[in-house]
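# Understanding the architecture of this molecule
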Amino acid sequence: MIEGRLKVYEPKTDNVKKFLDLLSQRINRQIVSSMVGCVHCGMCADSCHYALARPDDPTMTPVWKADQIRRIFKRHLDWTGRIFPWWVHARYPADDEELNRLKNIVFGTCSACRRCTFNCPMGVDTAALISFTRGLLTEIGIVPEGIFNVCRDEWETGNQMAVTEADYLETLKWMKEELQAELEISEIEIPVDKPDCDFMYVINPREIKFDPRSIANAAKIFHFAGERWTLPSWGWDQTNFGLFSGDDNLGGYKAKNVYEAAKKLHAKRIVISECGHGYRATRWEGYNWANYDQKLPTESVIVMLLRYIKEGRIKVDPARNPEPVTFHDSCNIARSGGLIEEPRWALDYVCSDFREMHPNRLENFCCAGGGGLLSMAEYRPLRLEVGKIKVDQLKATGAKLVCTMCHNCVDGLADLIKHYKLNMKVVQVLDLAANALITEK
Ligand code: SF4
Ligand code: SF4
């Protein structure tokens with residue numbers, strides 16, 4: 001039974017009751033300010049790729065999506081909605097079917113890209129409301145199957161693709177042998193669990209399963225920079241579906257795995273491979289989720305690459321990458337991670353024809369696959385449809401390569417390129433850097 005000021009409200013189902021109880025328990029100042037701060041000016045509509053791709057559909061605007069949780073908050077916790085629900089459009093969810101509809105809104109029609117957040121004059125963080133609502137629904141099991149499966153794999157195996165330790169170690173060994181053969185250098189290593197290193201490198205499981213060359217590229221650059229580095233045998237996955245599901249407990253568990261691995265190996269730093277949400281989760285959000293007093297500096301591999309080039313620790317030749325390249329800012333790297341100029345400076349060094357995409361940096365559009373959408377097959381048709389905004393951006397550059405520093409964006413962009421039949425390829429900064437690296441003595 002939920003106590004109301006004027007009358008007692010009896011939720012119709014257990015799920016509705018649990019949802020409202022969780023809402024009361026988890027509400028915090030940050031969420032309340034976004035719940036009550038909206039003045040319904042509608043300015044955020046122009047910033048959302050969903051709303052831009054479907055201009056005649058009001059349900060695609062950020063404000064409408066946020067209002068679906070806002071009206072429940074108002075009815076349940078805010079005095080205006082408790083006394084005058086009809087006036088402020090406040091209402092409780094009627095049944096499980098309504099919670100299911102809410103699930104389809106917060107998981108299926110928002111990639112949590114935060115472009116609207118940066119364009120709201122009132123500072124309303126719609127993406128935070130979306131993530132908050134995702135967390136409530138995930139807790140009561142009303143969650144898309146794809147997200148549920150990845151979260152389960154993360155809890156059970158410590159990584160989002162359920163890679164076994166044997167497969168992980170075997171892939172690293174394979175890449176080491178390839179590198180040794182390619183460069184004819186027998187000392188080149190991909191070390192695991194080496195203690196007291198300058199840094200511990202953590203990666204995205206997609207690199208093990210689908211793109212092991214990205215590990216080899218990193219190892220090649222580290223070797224020529226003369227680094228003492230290691231990967232851990234546990235805690236090597238820097239990705240974190242706590243961010244996409246809104247489950248802070250999972251977020252804390254995954255982040256702590258990484259932090260503790262570095263502590264155990266006495267690494268001096270943690271370096272994160274090219275992954276948008278992994279960077280945000282490990283570098284920024286994980287400390288709070290895990291309530292962890294992190295002592296070690298944590299940085300992106302691209303920041304380190306830039307340092308190597310600037311300090312002359314590696315030599316690169318931009319002429320080895322002559323094709324026109326543009327750069328896609330991952331939402332979690334730029335808007336939510338604060339890394340904006342570093343990848344551009346790195347690209348200036350390693351390729352000879354760089355073309356900026358417009359809009360860019362904080363105003364860049366999502367690849368349409370962010371927020372865990374790549375793992376939710378049921379929302380793919382809408383994702384591809386609203387990705388048209390990104391496709392128009394890509395086409396206008398005339399580039400042959402689109403570079404991004406996020407494995408999630410690699411898949412999101414590749415899907416769009418295939419669907420819209422663009423003559424483009426997706427690469428990452430380390431791919432271009434490894435190609436430009438001068439390895440001859
Ligand atoms: S721009 Fe901000 S205040 Fe205006 S409708 Fe959107 S969320 Fe509300
Ligand atoms: S966070 Fe991004 S996808 Fe979600 S409503 Fe805002 S602009 Fe649209």
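Each value, and the rule that gives it
- Residues numbered from 1 in each chain as written.
- Chains lettered and ligands numbered in written order.
- Predicted model: local features only at pLDDT ≥ 70, side-chain atom pairs only at ≥ 80, totals over all residues.
- Heavy atoms only, no water.
- Helix = DSSP H or I, 4+ residues; strand = E, 2+ residues; numbered from the N terminus.
- Rg over C-alpha atoms; globule rule 2.2 N^0.38 Å.
- Buried < 20%, exposed > 50% of the residue type's maximum accessible area, 1.4 Å probe, protein only.
- Contact = heavy atoms within 4.5 Å.
- Areas by Shrake-Rupley, 256 points an atom, 1.4 Å probe, with all protein chains shown as cover.
- Lys, Arg positive; Asp, Glu negative; His and termini not counted.
- Charge placed at Lys NZ, Arg CZ, Asp CG, Glu CD.
- Pairing = 2+ DSSP bridges.
- Near = heavy atom within 4 Å.
- 1 Å grid on protein atoms, 1.4 Å probe; cavity = no way out; pocket = protein on both sides within 12 Å on 5 of 7 lines; lining within 4 Å.
- Sits in = over half its atoms within 2 Å of the grid points.
- Nonpolar A, V, L, I, M, F, W, Y, C, P; charged D, E, K, R; others polar.
- Axes fitted to C-alpha atoms, helices over the stretch in contact; angles between N-to-C directions.
- Core = buried A, V, L, I, M, F, W, Y, C linked by side-chain atoms within 4.5 Å.
- Domains from an automatic or database assignment.
- Buried area = accessible area lost by both parts, 1.4 Å probe.
- Salt bridge = Lys/Arg side-chain N within 4 Å of Asp/Glu carboxyl O.
- Polar contact = N/O pair within 3.5 Å; in protein donor to acceptor, adjacent residues only side chain to side chain.
- Right-handed = clockwise from strand over helix to strand, strands pointing away.

## Section: the overall build of the protein
Looking only at helices and strands, the protein has 21 helices and eight strands in total. Relative to the 2.2 N^0.38 estimate, which gives 22 Å for 441 residues, the radius of gyration of the protein is 23 Å and therefore close to what a compact globule would have. Here the protein, with 441 residues, has 60% of them falling under the buried criterion. Counting contacts in the protein only where the partners sit at least 6 residues apart, residues at least 24 apart contribute 80% of the total. In the structure as shown, the protein presents an accessible area of about 18,500 Å², 52% of it carried by carbon and sulfur atoms. Charge separation in the protein, taken as the distance between the mean sites of 57 positive and 59 negative side-chain charges, equals 4 Å.

## Brief notes about the sheet that holds strand 1 (residues 199–202)
The parallel open sheet is built from four strands, whose spatial order is 2-1-3-4. In this open sheet, the two strands that pair with only one neighbour each are strand 2 (229–230) and strand 4 (298–300). Note that strand 3 (residues 270–272) and strand 4 share three bridges and pair parallel. What sits directly across from I272, in strand 4, is S300.

## Digging into the site of ligand 2
All residues adjacent to ligand 2 are C48, H49, Y50, P62, K65, C110, S111, A112, C113, R114, C116 and A127. When atoms are counted within 2 Å of each cavity's grid points, the one that captures over half of ligand 2 is the second largest cavity. At the level of elements, helix 3 (49–53) and helix 4 (62–77) are the ones that each hand at least two residues to the shell around ligand 2. Taken together, the residues that form the shell around ligand 2 break down as eight nonpolar, two polar and two charged.

## Description of the side chain of T61
Assignment of secondary structure puts T61 in the loop between helix 3 and helix 4. Relative accessible area serves as the criterion here: at 15%, T61 is assigned to the buried category. For T61, the residues in contact, after removing those within four places along its chain, are A45 and A51.

## Brief notes about the sheet that holds strand 6 (residues 354–355)
Spatial strand order, 6-5-7-8: four strands in an open sheet with parallel pairing. Either end of the sheet is taken by a strand with one partner, and the two such strands are strand 6 and strand 8 (425–427). Looking at chain direction, strand 7 (residues 401–404) and strand 8 are connected through three bridges and run parallel. Looking across to strand 8, one finds that V402 is bridged to V426. Of the strands in this sheet, strand 5 (325–328), strand 6 and strand 7 touch helix 17 (residues 342–350), which is tilted by about 165° from strand 5.

## Concerning the site of ligand 1
Contacts to ligand 1 come from C38, V39, H40, C41, G42, M43, C44, V63, C120, P121, M122 and V124. Taking a 2 Å distance to the grid points as the criterion, the majority of the atoms of ligand 1 fall inside the largest cavity. Considering only residue class, the shell around ligand 1 consists of 10 nonpolar, two polar and no charged.

## Looking at the nonpolar core
Counting 68 residues, the largest nonpolar core has Y201, I221, F222, L305, I314 and V429 as the members making the most contacts within it. The dominant element in this core, judged by the number of residues it contributes, is helix 16 (residues 301–310), at seven residues. Counting residues domain by domain, this core receives three or more from each of domain 2 (158–309) and domain 3 (317–436). Not counting chain neighbours up to four residues away, the residues in contact with L305 comprise I221, I314, A346, V429, L430 and A433.

## Side note on the domain arrangement of the protein
Splitting the protein by domain gives domain 1 (15–143), domain 2 (158–309) and domain 3 (317–436). Averaged C-alpha coordinates put domain 1 and domain 3 at centres separated by 29 Å. In this complex, domain 1 contributes 20 residues to the contact, which on the side of domain 3 involves 19 residues. Approximately 1,800 Å² of surface area, both sides summed, lies buried where domain 1 meets domain 3, with 61% of it carried by carbon and sulfur atoms. Taken together, the links from domain 1 to domain 3 amount to two salt bridges. One salt bridge in this structure joins E363 and R115, with 3.0 Å as the shortest N-O distance. Summed over the shared surface of domain 1 and domain 3, the number is seven residue pairs in polar contact (both at pLDDT 80 or more). Those elements giving two or more residues to the side of domain 1 that touches domain 3 turn out to be helix 3, helix 6 (96–108) and helix 7 (115–118). Per-class residue counts for the side of domain 1 that touches domain 3 are eight nonpolar, seven polar and five charged.

## Things to note about helix 19 (residues 388–397)
Residues I389, K390, V391, Q393, L394 and T397 constitute the buried set of helix 19. The inward-facing, buried residues of helix 19 contact helix 3, strand 5, strand 6, helix 18 (380–386), strand 7 and helix 20 (407–419). One or two residues past the end of helix 19 sits G398, with phi positive at roughly 70°.

## Topic: the environment of C275
Relative to the assigned elements, C275 resides in the loop between strand 3 and helix 15 (276–290). Given a relative accessible area of 1%, C275 falls into the buried group. In sequence terms C275 and C406 are 131 residues apart; their C-alpha atoms lie 3.9 Å from each other. Excluding residues within four positions of it along the chain, C275 makes contact with N204, Q238, T239, I333, M405, C406 and H407.

## Details of the pairing of strand 7
Covered by surrounding structure in strand 7 are L401 and C403 together with V402 and T404, the residues of both alternating faces. Relative to strand 7, strand 5 is paired through four bridges, and the arrangement is parallel. Opposite F327, over in strand 7, you have C403 as the bridge partner. Considered for its hand, the β-α-β crossover made up of strand 7, helix 20 and strand 8 is right-handed.

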